[in-house]
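Structure assessment
Take a look at the letters that make up each chain.
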Amino acid sequence: MKYESQYVLLKLRNELPEEELKRNMDWGVVLNLLIKHKLLPFLYEEIIEDVPAEYSQLFKSKLEENIDKQQNLWKLFLNSLQLAEREEIKIVLPKGFPIAYELYGNINLRVSGDIDLLVKKEDIEKLCEIMNKIGAFHRHNGRIADIITRFTSDEFDNFYELKFIKQQAADLLWLEVEKATDAIPEKNIVEFIDSAIKASIDGYEIWRLDDAHMFVHLCANAHRDTEEHEGICADVFRARNFVDIWKFISKKGKNVDWSEVKEIAERCDALYKITWALKSLEELIPKVKNEKEFIKAKQMCCENEGELKDDGKIKCIEWKTGFVERLFSNELARKEYEEFISNRRWSEKNPYYRKPLKLNGDKSWYVVRNGKENRNLYYRFSFQNGRICIS
């Protein structure tokens with residue numbers, strides 16, 4: 001592992017890095033790692049005392065940019081919330097501000113790249129109109145009516161979000177209108193929306209997932225970003241996802257009914273994702289093994305290690321490299337994933353079908369999800385210089 005990754009990992013574990021390690025680091029690389037893993041605001045106070053004078057202003061300015069963006073996203077969300085309440089639309093925030101406020105104590109300490117607005121299918125069209133009213137537009141805005149029709153149909157079960165964007169000063173602010181999330185499929189999402197409770201954030205009443213559903217969602221989200229092909233190919237490996245899980249257990253664990261968490265996870269076929277997430281968290285931050293609530297969560301919610309093995313359905317990949325190593329080296333993860341996926345063959349149990357395609361002599365293929373021969377569900381992968389490219 002590179003010096004910069006070692007340093008960030010030690011700080012995340014609240015351990016002291018050796019002086020020799022700090023002398024051999026590129027602080028620009030450290031900053032980029034903190035931004036990539038969305039840890040800059042969270043670790044800033046721990047790190048800034050080590051940062052050389054010539055880099056300290058750069059770190060500070062990047063922190064201020066993060067805070068400004070979170071504040072702009074918060075204001076934009078409140079604008080949409082006010083209009084949604086007039087239309088009696090229930091918007092649930094599955095992650096984002098409720099997690100930042102309740103687990104981190106401040107909405108500025110947890111970086112969000114966008115705002116996920118989870119609603120029931122019947123409210124999607126009205127919420128899209130609200131997006132336009134607050135100055136946020138879909139990238140295919142001229143065809144938005146057609147897109148909404150497809151989006152709300154049962155045929156497109158893998159089409160779960162509409163991305164809206166608003167330019168505000170130097171920031172591009174993203175809002176995603178969702179009928180499901182990338183972690184929880186549409187067939188299970190109604191239960192999550194119905195379970196939502198109100199939380200007060202800075203005097204505003206916000207719908208958020210109840211604690212049991214929130215934990216299942218956090219683990220499923222971490223699994224998606226780190227174990228599933230969309231996350232691996234999009235390079236969204238983030239240590240922040242596991243800090244979310246760690247903080248949840250530390251802050252809320254003693255009040256959580258872990259048997260309820262297990263029941264929810266079983267209904268969503270997500271129990272193995274919790275097993276994987278807790279196992280991965282142990283590798284990332286070993287001291288959690290001794291925390292009382294972590295032990296309880298693991299005892300109640302984890303399957304046997306054997307349940308994580310590939311059964312033809314790709315539950316969790318049997319990686320050759322360690323979790324922490326992959327987390328801090330996406331190139332390594334992609335290279336190994338390329339070898340893994342290139343050896344797969346389609347079956348009814350295997351949702352990934354490798355269909356070779358000759359294209360300029362490149363090593364490319366289409367992937368059909370869930371065996372459905374629908375052109376709209378195709379992704380074209382090409383492996384170039386050890387990297388997976390998608391079109």
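Now for a look at the structure at hand. (Residues numbered from 1 in each chain as written. Predicted model: local features only at pLDDT ≥ 70, side-chain atom pairs only at ≥ 80, totals over all residues. Heavy atoms only, no water.)

1. A word on the packing of helix H10 (residues 211-227) against helix H12 (residues 240-252)
Applicable threshold: For helices, the axis comes from a line fit to the C-alpha atoms of the stretch in contact; other axes are also lines fit to C-alpha atoms, and the angle between any two N-to-C directions lies between 0 and 180 degrees. Helix and strand definitions follow DSSP, with helices as H or I runs of at least four residues and strands as E runs of at least two, each counted in order from the N terminus. Relative orientations are named as follows: roughly parallel for angles under 35 degrees, roughly antiparallel for angles over 145 degrees, roughly perpendicular for angles from 65 to 115 degrees, and oblique for any other angle. Take the far helix as the reference: if the near one is turned anticlockwise from it by less than a right angle, the crossing is left-handed, and if turned clockwise, right-handed. Only heavy atoms matter for contacts: two residues are in contact if any of them lie within 4.5 Å across the pair. Following the grouping adopted for this structure description, the nonpolar residues are Ala, Val, Leu, Ile, Met, Phe, Trp, Tyr, Cys and Pro, the charged ones are Asp, Glu, Lys and Arg, and the polar ones are all others, Gly among them.
As a packed pair, H10 and H12 sit with axes 9 Å apart at the nearest point and diverge in direction by 160°. Our classification of the angle between H10 and H12 gives roughly antiparallel. Crossing of H10 against H12: the hand is left-handed. Here H10 contributes Asp211, Met214, Phe215, Leu218, Cys219, Asn221, Ala222, Asp225 and Thr226 to the contact with H12, which in turn contributes Asn241, Phe242, Asp244, Ile245, Phe248, Ile249 and Lys252. Counted by class, the contact of H10 with H12 contains nine nonpolar, three polar and four charged residues.

2. Some details on the pairing of strand S5 (residues 171-178)
What counts, and what does not: Three exposure classes are used, based on accessible area relative to the maximum for each residue type with a 1.4 Å probe and protein chains only: buried under 20%, partly exposed in between, and exposed over 50%. Strand pairing is defined by DSSP finding a minimum of two bridges between the two strands.
Burial analysis of S5 places six of its eight residues in the buried class, which makes it a mostly covered element. Strand direction decides the pairing type here: strand S2 (residues 114-118) and S5, joined by five bridges, are parallel. Following the sheet pairing, Asp116 is matched in S5 by Glu176. In this sheet, S5 lies alongside strand S4 (residues 161-168) in antiparallel orientation, the contact comprising eight bridges. For Gln167, the partnering residue across the bridge sits in S5 and is Leu172. Counted between consecutive antiparallel strands, the loop separating S4 from S5 contains two residues, among which Ala169 sits at a positive phi close to 55°.

3. A short note on the pairing of S4
Pairing of strand S3 (residues 137-138) with S4, which is carried by two bridges, proceeds in the antiparallel orientation. Residue His138 lies in a different strand from S4, and its bridge partner there is Phe164.

4. A short note on helix H13 (residues 258-267)
Note the threshold: Read the arc as the range of directions from the helix axis to the C-beta atoms.
Residues of H13 that are buried include every one of Trp258, Val261, Ile264 and Ala265, and no others. Summarising the axial view, the buried residues of H13 lie within an arc of 115°, below the 170-degree limit, and thus occupy one face. In the segment just after H13, Asp269 is the residue with positive phi, at about 50°.

5. A look at the nonpolar core
Note the cut-off: In this description, a nonpolar core means a group of buried Ala, Val, Leu, Ile, Met, Phe, Trp, Tyr and Cys residues linked to one another through side-chain atoms lying within 4.5 Å.
If you look at the biggest cluster of nonpolar residues, it comprises 80 residues, and the most contacted ones within it are Phe59, Phe215, Ile245 and Leu284. Looking at this core, the element that brings in the most residues is H10, giving eight residues. Among residues more than four places away in sequence, those in contact with Phe215 are Ile245, Phe248, Ile249, Trp258, Val261, Ile274 and Leu278. Listed in part, the 34 residues of the second largest apolar core include Leu93, Ile107, Val119 and Leu162.

6. Brief notes about the state of the cysteines
Cut-off, in case you're wondering: Cysteine sulfur atoms are paired as a disulfide whenever they come within 2.5 Å of each other.
Scanning the model with the defined rule gives zero disulfides in all. For Cys219, which is in no disulfide, the shortest distance to another cysteine sulfur is to Cys301 and amounts to 8.2 Å. Residue class for Cys219 comes out buried when judged on its relative accessible area of 0%.

7. Describing the packing of aromatic side chains
What counts, and what does not: Two rings from Phe, Tyr or Trp (for Trp, the six-membered ring) form a pair when their centres are within 6.5 Å of each other. A pair whose planes differ by under 30 degrees is stacked, one over 60 is edge-to-face, and the rest are tilted. Note on geometry: a ring has a charge over it if NZ (lysine) or CZ (arginine) is within 6 Å of the ring centre and within 35 degrees of the ring normal.
Applying the stated criterion to the full structure yields twelve aromatic pairs. Ring geometry for Phe242 against Phe323: centres 5.0 Å apart, planes inclined by 70°, an arrangement best described as edge-to-face. Of this pair, Phe242 sits in helix H12 while Phe323 sits in helix H16 (residues 323-327), and the two are 81 residues apart along the sequence. The two residues Phe242 and Phe323 agree in class, both being buried. An aromatic cluster is present here, built from Trp74, Phe77, Phe97 and Tyr204 joined pairwise through their rings. Here the guanidinium or amino end of Lys90 rests over the ring plane of Trp207, the centre of that ring lying 4.3 Å away. Directly above the aromatic system of Tyr104 lies the positively charged group of Lys247, at a separation of 5.4 Å from the ring centroid.

Keep in mind that these numbers describe shape and distance, not what the molecule does.
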